[in-house]
Amino acid sequence: MNDREILAGVSAVAAKHLDWQGPLLPEMRLVEDLRLDSIRLLTLAVEVENYFRVCLDEADDAGLATVADLVAAVRRKLARESP
Amino acid sequence: MRIAAVGRAFPAHYYDQETLLSALLELWGQRHHNLGRLESLHKNVLVGGRHLALAIEDYRQLDTWGRANDAWIRVAQEVGEAAVADALDRAGLSAEKLGAFLFVTVTGVATPSIEARLINRMRLPVNLKRLPIFGLGCVAGAAGIARAADYVKAYPDQVAVLLSVELCSLTLQRGDLSIPNLIASGLFGDGAAAVLVAGDEVPATGPKILATRSIFYPESERVMGWDISEQGFKIVLSAGVPEVVREHLREDVDAFLADRGLSRSDIGSWVAHPGGPKVLEAMQEALELPAGALDITWRSLREVGNLSSTSVLLVLAETLENHRPAPGTLGMITAMGPGFCSELVLVEW
């Protein structure tokens, strides 16, 4: 799965679970631009896990500053978990 | 005006956090890919166990809001009666002394309300002034004491009873997999507490109520509350509660105390609602409380969880019974809840 496909998945999750309207761009910051507080940030992480069937490292949550960071984290997990 | 006694009552079913987590993992395991998240959320709330209104296996049958609320009405009367009887017994007061009955809850609905049903069950005076209050949420324990104090100020020869019953487990939305609901499933517990507030002309030995204050924070409706779905109460919980504490509580407490020529350093006892670890940490920081000032609150959170409006009354009961401050010590009873708002009660022990 390439980054564009992962971004589409993350966008679908944000629309469904965070009521995010409009496009989601890689450079968008999760806290400042998407205005996610800690509960909504966790909602995004958990629903991205459910969507892609991956387990992100909880310790890494704090390091997710932008949409691109989240896409990269999913890409790494998918690469590690693929046969 | 004095707090004459505080009674407590819990449902018979008590489960440690691991048992509750196992049951929820079974329920939600199919839907959530990373179950470690649920375990982390449950550990982070620092709750060791909780009382439940029903045996854990009986929750499966509550497949509609009506069935859950029927269970709420039944158990609310049982624990409500036990809490009021406990308070009357501790105060050595006859029910004939009661002039008003305030009932607070946010976890179920009933008409006639629970205090009306208890008048029948307990053969309480038929001239009791009834005041059922729904919707104040976690603040209702402290606010209930304040409203009871308002009543006995007007009728100094009477006693007002405040009953809080919260059966949070009966509000759990099994189909709601949102993070606020997952947090709530690890945090909230069930129980009841009753407070007798005596007017100045009624002999009583508990802490004297010196002053109360309500503070409302405009435009904060989505910080906490309920949405109502077809399945019942659906929790609204934002990460904003600790922020409200940090932004407002110190200023509000200081202003309240300054009006009586006091400051925070004059307060020797804090009875606080155990909202959750982040809220308590924010409170300790904002009010610059000395180490150990909230120990009883933290312990209550650990032992029985957050019981919404009942919780601050449990902390008050424990303080009164086992950690009573020296006579003359000034104390604060504090809680916050949906609105968003705070209630402050200044007492002299």
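Check the entry above for the structure.
Computed from a predicted model, the values in this text were never measured in an experiment. (Residues numbered from 1 in each chain as written. Chains lettered and ligands numbered in written order. Predicted model: local features only at pLDDT ≥ 70, side-chain atom pairs only at ≥ 80, totals over all residues. Heavy atoms only, no water.)

Draft legend 1. Local environment of the overall build of chain A. A count of helical and extended segments in chain A gives three helices and zero strands. Scanning chain A from its N terminus toward the C terminus, one meets helices and strands in the order α-α-α. On C-alpha atoms alone, chain A measures out to a radius of gyration of 12 Å, which is about the 12 Å that the 2.2 N^0.38 rule sets for 83 residues. For chain A, the spread of C-alpha atoms along the three principal axes comes to 35 × 25 × 20 Å. The buried share among the 83 residues of chain A stands at 42%. A fraction of 58% describes how many contacts in chain A between residues 6 or more apart in sequence connect residues 24 or more apart. Total accessible area on chain A is roughly 4700 Å²; 54% of this is exposed by carbon and sulfur atoms. With 10 positive and 15 negative side-chain charges, chain A shows a separation of 3 Å between the mean positions of the two kinds. (Helix = DSSP H or I, 4+ residues; strand = E, 2+ residues; numbered from the N terminus. Rg over C-alpha atoms; globule rule 2.2 N^0.38 Å. Buried < 20%, exposed > 50% of the residue type's maximum accessible area, 1.4 Å probe, protein only. Contact = heavy atoms within 4.5 Å. Areas by Shrake-Rupley, 256 points an atom, 1.4 Å probe, with all protein chains shown as cover. Lys, Arg positive; Asp, Glu negative; His and termini not counted. Charge placed at Lys NZ, Arg CZ, Asp CG, Glu CD.)

Draft legend 2. Structural detail: the state of the cysteines. All names here are of chain B. Within this structure, the stated rule accounts for zero disulfides over all chains. The thiol sulfur of Cys-138 is not disulfide-bonded, and the nearest other cysteine sulfur, from Cys-168, lies at 7.7 Å. Given a relative accessible area of 5%, Cys-138 falls into the buried group. (Disulfide = S-S within 2.5 Å.)

Draft legend 3. Local environment of the packing of helix 3 (residues 65–91) of chain B against helix 4 (residues 114–122) of chain B. Residues and elements named next belong to chain B. Running from amino to carboxyl end, helix 3 crosses helix 4 at an angle of 60 degrees, the nearest separation of the two axes being 10 Å. Every pair of crossing elements has a handedness; the one defined by helix 3 and helix 4 is right-handed. Across the interface between the two elements, Trp-72, Ile-73, Ala-76, Gln-77, Glu-78, Gly-80, Glu-81, Val-84 and Ala-85 of helix 3 pack against Ile-114, Arg-117, Leu-118, Arg-121 and Met-122 of helix 4. Grouping the amino acids of the contact of helix 3 with helix 4 by side-chain chemistry returns eight nonpolar, two polar and four charged. (Axes fitted to C-alpha atoms, helices over the stretch in contact; angles between N-to-C directions. Left-handed = near helix turned anticlockwise from the far one by under 90°. Nonpolar A, V, L, I, M, F, W, Y, C, P; charged D, E, K, R; others polar.)

Draft legend 4. Representation of helix 4 of chain B in the model. All names here are of chain B. Every buried residue of helix 4 is listed here: Ile-114, Glu-115, Ala-116, Leu-118, Ile-119 and Met-122. Against the buried residues of helix 4 lie helix 3, strand 4 (98–105), strand 5 (129–134) and strand 6 (159–167). Following helix 4 by one or two positions, Arg-123 has its phi on the positive side, about 55 degrees.

Draft legend 5. Summary view of the packing of aromatic side chains. By the definition in use, this model includes five aromatic pairs over all chains. Between Tyr-51 of chain A and Phe-52 of chain A, the ring centres sit 4.8 Å apart and the planes meet at 70 degrees, which makes this aromatic pair edge-to-face. The class for Tyr-51 of chain A is partly exposed, based on a relative accessible area of 48%. For the pair Trp-65 of chain B and Phe-233 of chain B, a centre-to-centre distance of 5.3 Å together with 70 degrees between the ring planes defines the contact as edge-to-face. In this pair, Trp-65 of chain B is assigned in helix 3 and Phe-233 of chain B in strand 10 (residues 232–237), connecting sequence segments 168 residues apart. Taking the relative accessible area as the measure of exposure, Trp-65 of chain B reaches 28% and is therefore partly exposed. For Phe-233 of chain B, a relative accessible area of 5% puts it in the buried group. (Phe/Tyr/Trp six-rings, centres within 6.5 Å; stacked < 30°, edge-to-face > 60°.)

Draft legend 6. Here's a closer look at the side chain of Ser-229 of chain B. Residues and elements named next belong to chain B. Relative to the helices and strands, Ser-229 resides in strand 9 (residues 224–229). With a relative accessible area of 17%, Ser-229 lands in the buried category. Non-local contacts of Ser-229, meaning those with residues more than four positions away in its chain, are made with Trp-65 and Gln-173.

Draft legend 7. Spatial organisation of the interface of chain B and chain A. Counting from both sides, the interface comprises 17 residues of chain B and, opposite them, 17 residues of chain A. Summed over both sides, the interface of chain B with chain A buries roughly 1400 Å², with 52% coming from carbon and sulfur. Looking at the side of chain B facing chain A, the largest losses of area belong to His-33, Arg-37 and Ile-179 of chain B, adding up to 49% of the total buried there. The tally of links between chain B and chain A comes to two salt bridges. The salt bridge involving Arg-37 of chain B is made with Glu-49 of chain A; its shortest N-O contact spans 3.1 Å. Counting the contacts that link chain B with chain A gives eight residue pairs in polar contact (both at pLDDT 80 or more). Elements supplying a minimum of two residues to the side of chain B that touches chain A: helix 2 (35–44) and helix 6 (179–187) of chain B. Broken down by element, the residue count for the side of chain B that touches chain A peaks at four residues, all from helix 2 of chain B. Partitioned by chemical class, the residues of the side of chain B that touches chain A number seven nonpolar, seven polar and three charged. (Buried area = accessible area lost by both parts, 1.4 Å probe. Salt bridge = Lys/Arg side-chain N within 4 Å of Asp/Glu carboxyl O. Polar contact = N/O pair within 3.5 Å; in protein donor to acceptor, adjacent residues only side chain to side chain.)

Draft legend 8. Here's a closer look at the pattern of salt bridges. The full count for this structure, using the stated rule, is 23 salt bridges over all chains. With its nearest N and O atoms 3.3 Å apart, the salt bridge here joins Arg-29 of chain A to Asp-33 of chain A. Residue classification places Asp-33 of chain A among the partly exposed residues on the basis of a relative accessible area of 31%. The shortest N-O distance in the salt bridge between Arg-8 of chain B and Glu-318 of chain B comes to 3.3 Å. With Arg-8 of chain B in strand 1 (residues 2–9) and Glu-318 of chain B in helix 10 (residues 309–322), the pair connects residues that are 310 residues apart, well separated along the chain. The partly exposed category is assigned to Arg-8 of chain B, whose relative accessible area is 22%. Classification of Glu-318 of chain B as buried rests on a relative accessible area of 17%.

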